[in-house]
Amino acid sequence: MPPARSVVALVLPLLVAGFFVDGGEEKRVVLNLERANHSRLAIVHLMKRDLIRHKRLSQQRLTGVVDFPVEGTYDPFLVGLYFTRVKLGTPAKEFFVQVDTGSDVLWVSCTSCAGCPSSSGLQIKLEFFDPASSSTASLVSCSDQKCGVGTLSSDSSCSDHNQCVYTFQYGDGSGTSGYYIHDKIHLNTVLGSSVTSNSSATIVFGCSSSQSGDLAKTDRATDGIFGLGQQGLSVISQLSSQGVTPHAFSHCLKGDGGGGGVLVLGEIVEPDIVYTPLVQSQPHYNVNLQSISVDGRTLNLNSSIFATTDTTGTIIDSGTTLAYLTEEAYEPFVSAVTKAISHSVRPLLNGKDCYLTTSSISKSFPAISLHFYGGASLKLRPQDYLLQQNSLGPAAIWCIGIQKTKGQGISILGDLVLKDKIVVYDLANQRIGWKNYDCSSQINVSTAINNTGNTEYLNAGQIKKSSADYKLNCVTWSTILTSLLYAAFFGFLSSM
């Protein structure tokens, strides 16, 4: 995902035209996550914003685990994102930044920023970073090695004043530009049951001087974006190169209504994690998807439709809310799900994407498995690929949340299928692993030092969270659509 926005999107084939339903020694860094949700948006608009993201896809040693508390709540029907707080500069100043595994740069809004929002619908107080007010801040010149790293990704360039500058532009017209600076990031170090906030490391991050489009809107505004990609300017790459963290990070995202979870700059350690290699020489987290099975039956698909090129392949991206399949795989997938549902489930209005049922989906819908190179399989329960759209009397409407990437040979595995799983991004060994897991449980983090066998385990899952209480708006249905649903429902009951 580019450093854009995390959104929830769902296409509803049952809707009539015009009606929509509107996160020395090597040590570990831990972030507790929750989802932030607010503000109803048209479903088609949300999916469009997901697809825009997919086009871009074509010094001081720490002495323990570092915790970044993350705020928010989770609801799959409302716009959601994960955000955490980072402390930058001297004296330290706190900023709310969106956690983004698909971009590579930590950037925050700076003073005199044109178009940067000053308030947020997330009920957080936005701030502006002022390099002149930080005694440890310094500009990154064009001759700096870090500027060269950014130039390689075509995001950085040199200004007339010998400053290293950047521009991120998106297909919907939104974007941000600014300049890079060196300064301190302050880290809360967790030592068993004690906490100290004395640790810090010097990194390069972006100082945004302008924002436009969706980034300039207040409804989902944060102070910036926390990039966790694998390129040289990402926070994880910078901290690992200094020995502050290992070259790995992990997350475990809760899938229930309360949301939350854990993000670790380091490695979550649990038995039975399965791994698949990362595809080499790719800017994102590409993996080799080889086949799909529904209810234990492998779909008749040519594996070449999942092949990785500069514009095709399968990407694991926690910044994408839903999941997307390449066009050639989507129709066979939906057809197989529809054939495997129990007799208590009825496809709604003769569509293949939404269903009406009075039964538990865990008993009436099939299990799905995505099979990857090396033998790793990602097992999906019905709640990992279905979204409950609404209730209609005693029945519930469930829709397939995995969507189709039209005209693109790309598949995206987003939060919908990644939730309720430990996912480990082992960048040192160029592999990604996962395991189904209750993300509200304790999570162990290894503190092994360079594979020497010295291993300790820390309970990362129980670090206290600080979160705001967000009021969620209910989805409003049109009178015409409600009439259609009632007609479908009562027709369904009368046929049972």
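Please refer to the structure placed before this passage.
Calculation criteria
Residues numbered from 1 in each chain as written. Predicted model: local features only at pLDDT ≥ 70, side-chain atom pairs only at ≥ 80, totals over all residues. Heavy atoms only, no water. Pairing = 2+ DSSP bridges. Helix = DSSP H or I, 4+ residues; strand = E, 2+ residues; numbered from the N terminus. Contact = heavy atoms within 4.5 Å. Axes fitted to C-alpha atoms, helices over the stretch in contact; angles between N-to-C directions. Salt bridge = Lys/Arg side-chain N within 4 Å of Asp/Glu carboxyl O. Buried < 20%, exposed > 50% of the residue type's maximum accessible area, 1.4 Å probe, protein only. Phe/Tyr/Trp six-rings, centres within 6.5 Å; stacked < 30°, edge-to-face > 60°. Lys NZ or Arg CZ within 6 Å of the ring centre and 35° of its normal. Disulfide = S-S within 2.5 Å. Polar contact = N/O pair within 3.5 Å; in protein donor to acceptor, adjacent residues only side chain to side chain.

> Could you give me a rundown of the sheet that holds strand β17 (residues 289–294), with the residues and numbers involved?
Across the sheet, which stays open at both edges, the four strands sit in the order β18-β17-β23-β24 with antiparallel pairing between neighbours. At either margin of the open sheet sits one strand with a lone partner, and together these are β18 (297–298) and β24 (377–380). Pairing of β17 with β18 involves two bridges; the strand directions are antiparallel. By the bridge assignment for β18, Val 294 is matched with Arg 297. Docked against the sheet, helix α4 (residues 327–340) engages β17 and β23 (368–372), running at close to 20 degrees with respect to β17.

> Explain the sheet that holds strand β25 (residues 386–392) to me, and be specific about the residues and the numbers.
Backbone-to-backbone hydrogen bonds pair the strands of a sheet. The strands run either parallel or antiparallel. Here we have four strands laid out as an open sheet, ordered β21-β22-β26-β25, and antiparallel in their pairing. Among the strands making up the open sheet, the edge pair consists of β21 (345–347) and β25. Averaged over all pairs of adjacent strands, the angle between strand axes in this sheet comes to 30 degrees, irrespective of strand direction. Across six bridges, β25 lies against strand β26 (residues 395–400) in antiparallel orientation. Among the inter-strand pairings, Leu 386 is bridged to a residue of β26, identified as Ile 400.

> Could you give an account of the pattern of salt bridges, with specific residues and numbers?
Across all of its chains, the model carries eleven salt bridges by this definition. Arg 85 serves as the salt-bridge partner of Glu 94, at 3.7 Å between the closest nitrogen and oxygen. Take Arg 85: its relative accessible area is 17%, and that puts it in the buried class. A single network of salt bridges, built from pairs that share partners, joins Arg 381, Asp 384, Lys 419, Asp 420 and Lys 421.

> Residues and numbers for the packing of aromatic side chains, please.
Aromatic rings considered in pairs are described by the distance between their centres and by the relative angle of their planes. In the structure shown here, the tally under the stated rule is ten aromatic pairs. Ring centres of Phe 333 and Tyr 385 lie 6.3 Å apart, and the angle between their planes is 75 degrees; on these two criteria the pair is classed as edge-to-face. One end of the pair, Phe 333, is in helix α4; the other, Tyr 385, is in the loop between β24 and β25, with 52 residues separating them in the sequence. Both residues of the pair, Phe 333 and Tyr 385, belong to the buried class. Through a chain of ring-to-ring contacts, three or more aromatic side chains come together here, namely Phe 95, Phe 129 and Phe 205. A cation sits over an aromatic face here: Arg 431 above Tyr 275, 3.6 Å from the ring centre.

> Which residues make up the state of the cysteines, and what values go with them?
This model, assessed by the stated rule, comprises six disulfides. Across a sulfur-sulfur distance of 2.0 Å, Cys 252 and Cys 439 are joined as a disulfide pair. Disulfide Cys 252 to Cys 439: torsion about the S-S bond roughly -80 degrees, handedness left-handed. Of the two residues, Cys 252 sits in strand β13 (residues 248–253) while Cys 439 sits in the loop between β30 (431–436) and β31 (444–446), which places them 187 residues apart along the sequence. With respect to class, Cys 252 is no different from Cys 439; both count as buried. If one numbers only the bonded cysteines of the protein chain, in the order they occur, the disulfide pattern is 1-8, 2-3, 4-6, 5-7, 9-12, 10-11.

> How would you explain the side chain of Asp 104 if you had to name every residue and give the values?
Mapped onto the fold, Asp 104 is located in the loop between β5 (93–100) and β6 (107–114). Accessibility expressed as a relative area gives 18% for Asp 104, which makes it buried. Those residues in contact with Asp 104, other than ones at most four positions away along the chain, are Gly 227, Gly 229, Gln 230, Gln 231, Leu 233, Ser 234 and Val 235.

> Describe in detail the environment of Tyr 437, supporting the description with residues and values.
Its location among the elements puts Tyr 437 in the loop between β30 and β31. Measuring from C-alpha to C-alpha, the distance between Tyr 437 and Lys 419 comes to 8.9 Å, with 18 residues separating the pair along the chain. When sequence neighbours within four positions are dropped, the list of residues in contact with Tyr 437 reads Cys 252, Glu 270, Asp 420, Lys 421, Ile 422, Gln 442 and Ile 443. At a separation of 2.5 Å, a polar atom in the side chain of Tyr 437 contacts the main-chain carbonyl oxygen of Gln 442.

Worth remembering: the numbers are spatial, not functional.
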